[in-house]
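Observations on the model geometry
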Amino acid sequence: MSAKRTKRVLPIEENCMGCRLCEVACAIEHSEFKDPLLTFFQGKPQSFTVVEVDGAFSFSLNCRHCDEPYCVEACITGAMHKEHDGRVIVYEDLCIGCYMCVVSCPWGAVNPKEGSKKAAKCDLCPDRELPACVQACPNRALVYDTSEELIFFLPEEEEEPFIEG
Amino acid sequence: MAKYLIAGNSVAAVSAIQAIRSIDADGEIVVLSPERITAYCRPLITYILAGDVEEWRLPYKRESFYQQNNVKVLYGVALEGVDTEKRVAYLSDGDTMPFEKLLLAVGGKPFIPPIENVEGPDVYTYTTVSDMNALRERLAEIKRVVVVGAGMIGMKVAEALKKCGKEVTIVELMDRILPMVLDRKGSEFAERALDKAGVSYVLGDSVVGIHRDASGRVKQVELKSGTKIDCDTVVVAVGVRPNLEPVKDSGIETNRGIIVDDTLETNVEGIYAAGDCAEAYDIILGQKRPNLVWPVAYRQGFIAGLNMAGYRRRYVGGFPINSIGFFGFQVCSAGMSAVEDEVNGSFEILTYVDEEKGVYRKAVIGNNRLLGFAVIGDVRRAGLYTGLIWSRMDVSYFKDKLVTDVSFPEAIYPLEGALPAMNFSSRKSIRRFGWAVFPYSYRRLFTGYSARIEEICAFDEKGVCLYGGDDDQG
Ligand SMILES: Cc1cc2nc3c(=O)[nH]c(=O)nc-3n(C[C@H](O)[C@H](O)[C@H](O)COP(=O)(O)OP(=O)(O)OC[C@H]3O[C@@H](n4cnc5c(N)ncnc54)[C@H](O)[C@@H]3O)c2cc1C
Ligand code: SF4
Ligand code: SF4
């Protein structure tokens with residue numbers, strides 16, 4: 001049922017400075033030019049990852065490549081698809097731009113494609129070894145890994161029993 | 001004897017097949033498909049009529065899907081009745097079929113209101129491929145169409161027919177377009193798009209009769225107000241109701257739909273229902289009701305399939321989610337988005353209007369929870385609202401941003417103030433409570449992906465989380 005070994009881009013909110021370099025890198029990688037100047041002056045820059053900032057606190061929010069993806073359930077054409085390797089990909093030639101996926105993803109990670117009636121979302125950069133956002137992050141606030149391996153590095157949580165109400 | 005008998009061959013059936021096969025690799029699955037076609041993308045029939053989408057894209061699953069999953073499909077065979085005692089299904093070809101587990105995924109039936117002379121040629125409903133083919137066959141001779149009902153299907157059919165060059169008039173009983181989704185203000189945006197496209201519409205009136213000429217062909221419709229509209233074709237699209245015919249007098253409990261519990265089982269053990277025909281829990285209303293939309297049908301089919309195969313998984317609930325666009329107008333909505341006034345103060349309504357850009361956002365809040373929303377024009381990140389409905393989290397402390405901003409980190413990573421009273425096991429998860437959080441930390445969810453928001457955020461009356469943890473989820 002689930003593809004547990006999928007590699008995903010995971011944000012580490014303590015490290016994030018809110019510099020938005022990941023957004024820039026994503027927009028360049030997914031433009032037709034793959035060049036910073038052309039992307040922003042001639043292309044239609046669109047980043048799939050969005051840095052959420054609230055005061056001093058920030059993190060880069062991107063598609064979770066869910067095990068039971070809301071967007072895939074909602075897609076009325078089958079254009080939104082979960083691959084065997086766990087990636088959730090939209091096949092643009094099947095997509096009719098109904099935006100059922102846009103309204104269904106609780107992370108707001110699928111959006112209308114800039115300039116055309118299609119859905120657009122993170123594809124984990126199939127042309128690269130490391131997704132562009134991860135490579136661009138100067139603060140190691142994004143890692144690209146499988147869930148299990150990452151858990152291994154996480155600091156232990158303080159387990160204070162606490163009852164409220 | 002079929003181990004799993006599935007009546008219906010659409011999205012709920014497909015996801016049930018996938019779920020069953022993820023657990024039981026060889027149990028025999030038999031699917032009844034009265035329509036002689038593999039599961040198809042039902043909403044595409046309006047796009048194909050309009051010529052926007054090629055016909056080869058209609059199938060949702062192809063023959064290979066059934067072969068790979070080792071599923072036997074009986075085309076042209078419908079379920080006509082169920083004997084719950086003997087556990088046999090009566091089929092339309094005269095056969096009977098004993099079953100171990102039965103899934104009712106028989107979908108919905110278009111409702112036809114009492115209209116004089118509605119029976120006869122030139123009057124159509126529009127929910128199946130055969131409806132599409134029937135309309136397409138006559139397309140060349142159609143000139144003027146009256147579409148009855150300005151709901152989702154009505155608007156999509158109107159758009160398709162307009163694109164085919166027909167003169168279209170929409171008649172709607174309520175005072176607005178898409179009455180289940182939009183309020184008056186939202187409807188104004190839709191009306192503007194219709195005006196621009198040259199589609200006429202009559203609101204607050206209904207069709208009471210159809211006038212036919214001597215040979216029985218449609219020539220006019222008559223409205224309640226007395227107005228008469230000339231036309232040669234009528235499309236009735238006032239809504240779809242759960243299809244209850246196959247379970248009539250079978251002892252399976254029905255109300256508006258087939259009533260199911262939180263494993264999608266009916267009152268009869270081993271008989272399940274999912275999709276448009278089912279009446280399951282709605283987390284916004286807090287009671288059972290049919291939700292006739294695609295994502296709900298998919299989810300219910302999936303959970304029913306798991307439970308049929310013996311893997312217990314709870315259906316937390318659903319709510320209507322929709323997205324529709326026509327003539328350049330686009331709206332995304334979920335839940336109770338059409339609520340017009342703040343009834344006895346039990347609802348709070350937030351709106352944001354930007355007439356210039358054609359943007360309208362509306363959120364309906366009750367008891368500090370988001371109960372519904374509609375976004376028109378700019379639908380970027382509309383899903384964040386859906387996430388807030390799933391999580392039922394307190395939105396009162398970032399209400400000011402809710403409709404003005406398309407980014408609200410609070411939704412994903414809320415601060416301490418927003419916490420409902422409930423039991424927690426760790427202080428850290430308190431700070432990090434939100435739909436992405438409980439009962440694991442925020443990061444735990446980002447790493448333990450199997451969890452669904454509605455499952456980690458489901459609590460019983462005492463505030464105890466019902467989520468059993470990742471181990472419970474397979
Ligand atoms: C034109 C149109 C546009 C739509 N657009 C959208 C949209 O944009 N977004 C959205 O969320 N939803 C949309 N919907 C609704 C969506 O299509 C349905 O919610 C969804 O198809 C429900 O799936 P289902 O599996 O429950 O049943 P259905 O798709 O209704 O299928 C029912 C199945 O049961 C079979 N059946 C019927 N009677 C019997 C019987 N007696 N025995 C055995 N089998 C039987 C039928 O042949 C069919 O295979 C649209 C619907 C239509 C008609
Ligand atoms: S787009 Fe949203 S629902 Fe789909 S896989 Fe990504 S996070 Fe999950
Ligand atoms: S917009 Fe495209 S990918 Fe999204 S639900 Fe519609 S068809 Fe599927």
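Conventions we followed
Within every chain, residues take consecutive numbers counted from 1 along the sequence as written. Chains carry letters from A onward and ligands carry numbers from 1 onward, assigned in written order. Restriction of local features to residues with pLDDT of at least 70 applies here, the model being predicted, together with a cutoff of 80 or more for giving and counting side-chain atom pairs; totals for whole chains, interfaces and linings are based on all residues. Based on all heavy atoms of the structure, the side-chain values leave hydrogens and waters out of the count. Basic side-chain nitrogens of Lys or Arg form a salt bridge, by our definition, when they fall within 4 Å of a carboxyl oxygen of Asp or Glu. Under the DSSP-based scheme used, a helix requires at least four consecutive residues in state H or I and a strand at least two consecutive residues in state E, with every element numbered from the N terminus. Relative accessible area decides the class of each residue, using a 1.4 Å probe on protein chains only: under 20% of the type maximum gives buried, over 50% gives exposed, and in between gives partly exposed. Like charges within 9 Å and nonpolar side chains (Val, Leu, Ile, Met, Phe, Trp, Tyr) within 5 Å are joined into patches, using only residues over 30% in relative accessible area that form no salt bridge. Each accessible area is a Shrake-Rupley result for a 1.4 Å probe, and residues are judged covered by the shown protein chains and nothing else. Throughout this document, a residue counts as near a molecule or strand when at least one of its heavy atoms sits within 4 Å of that molecule or strand. By the convention adopted, Pro, Cys, Tyr, Trp, Phe, Met, Ile, Leu, Val and Ala count as nonpolar, Lys, Arg, Asp and Glu as charged, and the other residues, Gly among them, as polar. pLDDT expresses how confident the predictor is about each individual residue, on a scale running from 0 to 100. By definition, residues are in contact when any of their heavy atoms lie within 4.5 Å. We call two N or O atoms a polar contact when they sit within 3.5 Å, provided that within protein one can donate a hydrogen and the other can accept it, with sequence-adjacent residues counted only if both atoms are side-chain atoms. The split into domains, and so the bounds of each, comes from an automatic or database assignment of domains. In this analysis, strands are considered paired if DSSP registers two or more bridges between them.

**Re the pattern of salt bridges**
One side chain can pair with another of opposite charge once the charged atoms of both are near each other. This structure, assessed with the given rule, holds 37 salt bridges over all chains. Between E245 of chain B and K109 of chain B there is a salt bridge whose closest N-O contact spans 3.5 Å. In this pair, E245 of chain B is assigned in the loop between β16 (240-242) and β17 (258-259) and K109 of chain B in strand β7 (residues 108-110), connecting sequence segments 136 residues apart. Residue K109 of chain B is classed as partly exposed on the basis of its relative accessible area of 35%. Note that E355 of chain B is salt-bridged to K185 of chain B, the shortest N-O span being 2.7 Å. Placement of the pair is E355 of chain B in the loop between β23 (348-354) and β24 (359-366) and K185 of chain B in helix α6 (residues 184-197), with a sequence separation of 170 residues. Look at K185 of chain B and you get partly exposed, because its relative accessible area is 24%. Shared partners join several salt bridges into a network, and the residues in it are E29, K34, D127 and R128 of chain A.

**Details of a nonpolar patch on the surface**
Nonpolar side chains collect at one region of the surface, where L21, V24 and F40 of chain A lie side by side and expose about 230 Å² of accessible area between them. Turning to its location among the elements, V24 of chain A is positioned in helix α1 (residues 21-29).

**Brief notes about the site of ligand 2**
Near ligand 2 you find C63, R64, H65, C66, P69, Y70, C71, V88, C105, V110 and K121 of chain A, and these make up its full shell. Of the residues contributing to the shell around ligand 2, the split by class is eight nonpolar, one polar and two charged.

**Some points on the confidence of the model for chain A**
For chain A, the mean per-residue pLDDT works out to 82, and 83% of the residues sit at or above 70. When the criterion is pLDDT under 50, residues 148-165 of chain A qualifies, and its contacts beyond four places in sequence or with other chains add up to 33 contacts.

**A word on the site of ligand 1**
Residue and element names in this part refer to chain B. Close contacts around ligand 1 come from 33 residues, with S10, E35, R42, L79 and D276 the closest. Take L79: an N or O atom from its main chain is 2.7 Å from a nitrogen atom of ligand 1. With respect to ligand 1, the backbone of A105 contributes an N or O atom lying 3.4 Å from an oxygen atom. Secondary structure elements with two or more residues in the shell around ligand 1: α1 (11-23), α2 (44-50) and α7 (294-308). Partitioning the shell around ligand 1 into residue classes produces 20 nonpolar, 10 polar and three charged. Formed jointly, the shell around ligand 1 draws a minimum of three residues from each of two domains, domain 1 (2-40 + 60-110 + 241-308) and domain 2 (123-238).

**Details of the sheet that holds strand β20 (residues 287-289) of chain B**
All names here are of chain B. Strand order in the open sheet formed by three strands is β17-β19-β20, and the pairing between neighbours is mixed. Edge positions in the sheet fall to β17 and β20, since each has one partner strand and no second. Relative to β20, strand β19 (residues 278-282) is paired through three bridges, and the arrangement is antiparallel. Across the sheet, residue Y281 finds its bridge partner in β20, namely K288.

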